[in-house]
Amino acid sequence: MTQNGRVLSDEVRETALKIVAKYPNKRSAALPLLYLVQSVEGYVTDAGMREVADLLELTPAEVLATSSFYTMFKKRPQGDYLISVCRNISCTHRGARKVFEALEERLGIETGECTADGRFMLEAAECLATCDGAPSMQINYEDFYRVTPQSAVEVVNELEGGREVRSVRGEPVKTSKEISYEMATTGLGLPTGDVEPARTIGGESPPPDAAPGFRPKEQGGGSGEPLGGSSAGRSPRSESGDSFRDARSEKEREGGDA
Ligand code: FES
C-alpha cells in the first residue's frame, strides 16, 4: 500500500494505463490488472480490486466476479512460493502422501497453510497433467517430476537459502510476485495500430474487427476507430460507428439476398 493509501503506486499505475491501452475495450484489461495488483500485494486485496474497478470503469462487484472465477488469483496471502503437490490417483500411488508429510514437517504447517514468515504455502492440487512424472509437484507453476520426500525438502532448503532452483524444463523458479508481474505485462512491448494483421494458428485470415488496433465502439464510450490515425491497409471503418450492429446488418442483408 502506498503512502496515499493506494495499492498501485504512480509508477505501477502508469504501467496499468499502458496495459489498458492495449485493449479495444477497457474491461478486457481486468485479468492483467488483477495480476498487477497481485504482483504488488502478493494476493488480490479488496482495495486492489476497487482500484482495478476504478481504472476500468467497472463496479467492484464485476471485478470480484472475475477474480473469484480464476484460481490463479489468490484471495489471501499465498507466500512467495506456492508448492502444489498432486493428490490424484497416479501420484498418490507413487508416493505423494509421503511427499506431503515430509513438506508439512519441514515447513511446520498443514497442507493449505502458509508459513508464518510468508515464504511458503503448501497446497494439494488436482491432477497437474504430468502423470508420467508422478509424483508431481509444482512450485509457482514450474514442474518437478518423480519427487521424493527428500528431493521436495531439498528444493525448499535451496529456495529458503536464496539459491536458484530450476524446474524439469530448466526454468528458474520465481516468486509469486515476479510471476504475477510477468503475466500482467506480457505483450506490453508488442506493436499495436498500423501493423499487418497476423494470421491465426489455423492459417485463416482474421475477421476485420480482429485486426490489430481496431477498436469496436464501446457501449457508453470508445472511438470506433483504429488506433494510430489512418485506416489505410487495415479494416474499413465502421459506417455507423457500431461494428457489432454493422456486422448484424450485413448478415441480415446476406440472409435477404438468399
Ligand atoms: S495424477 Fe498427478 S499429475 Fe496426474
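None of the values given here were measured: they were computed from a predicted structure.

> Looking at this model, I keep getting lost on the packing of helix 3 (residues 46–56) against helix 4 (residues 60–69). Mind explaining?
Helix-helix packing is characterised by the crossing angle of the two axes and by the distance between the axes. Put simply, helix 3 and helix 4 touch, their axes get as near as 8 Å, and they point 115° apart. When you trace helix 3 past helix 4, the crossing you get is right-handed. Contact with helix 3, carried on its side by Met49, Arg50, Val52 and Ala53, involves Pro60, Glu62, Val63, Leu64 and Ser67 of helix 4 and no other residues of that element.

> I'm lost on the packing of helix 2 (residues 30–41) against helix 3 in this one. Help?
Running from amino to carboxyl end, helix 2 crosses helix 3 at an angle of 145°, the nearest separation of the two axes being 10 Å. Note that helix 2 runs across helix 3; the crossing there is right-handed. Contacts from Ala30, Leu33, Leu34, Val37 and Glu41 in helix 2 reach Gly48, Val52, Leu55 and Leu56 in helix 3. Counted by class, the contact of helix 2 with helix 3 contains seven nonpolar, one polar and one charged residues.

> What's the story with helix 8 (residues 176–185) in this structure? I'm lost.
In an α-helix, one turn spans 3.6 residues; hence positions three or four apart end up facing the same way. Of all the residues in helix 8, the buried ones are Ser176, Ser180 and Ala184. Seen along its axis, helix 8 keeps its buried residues to an arc of 75°; they face one direction. Residues of helix 8 that are buried make contact with helix 1 (10–21), helix 2 and strand 1 (81–86). Of the residues flanking the end of helix 8, it is Gly187, one or two places downstream, whose phi is positive at about 80°.

About the criteria used
Residues numbered from 1 in each chain as written. Predicted model: local features only at pLDDT ≥ 70, side-chain atom pairs only at ≥ 80, totals over all residues. Axes fitted to C-alpha atoms, helices over the stretch in contact; angles between N-to-C directions. Helix = DSSP H or I, 4+ residues; strand = E, 2+ residues; numbered from the N terminus. Left-handed = near helix turned anticlockwise from the far one by under 90°. Contact = placed C-beta atoms within 7 Å. Nonpolar A, V, L, I, M, F, W, Y, C, P; charged D, E, K, R; others polar. Buried ≥ 20, exposed ≤ 12 C-beta atoms within 10 Å, placed from the backbone. Arc of directions from axis to C-beta.

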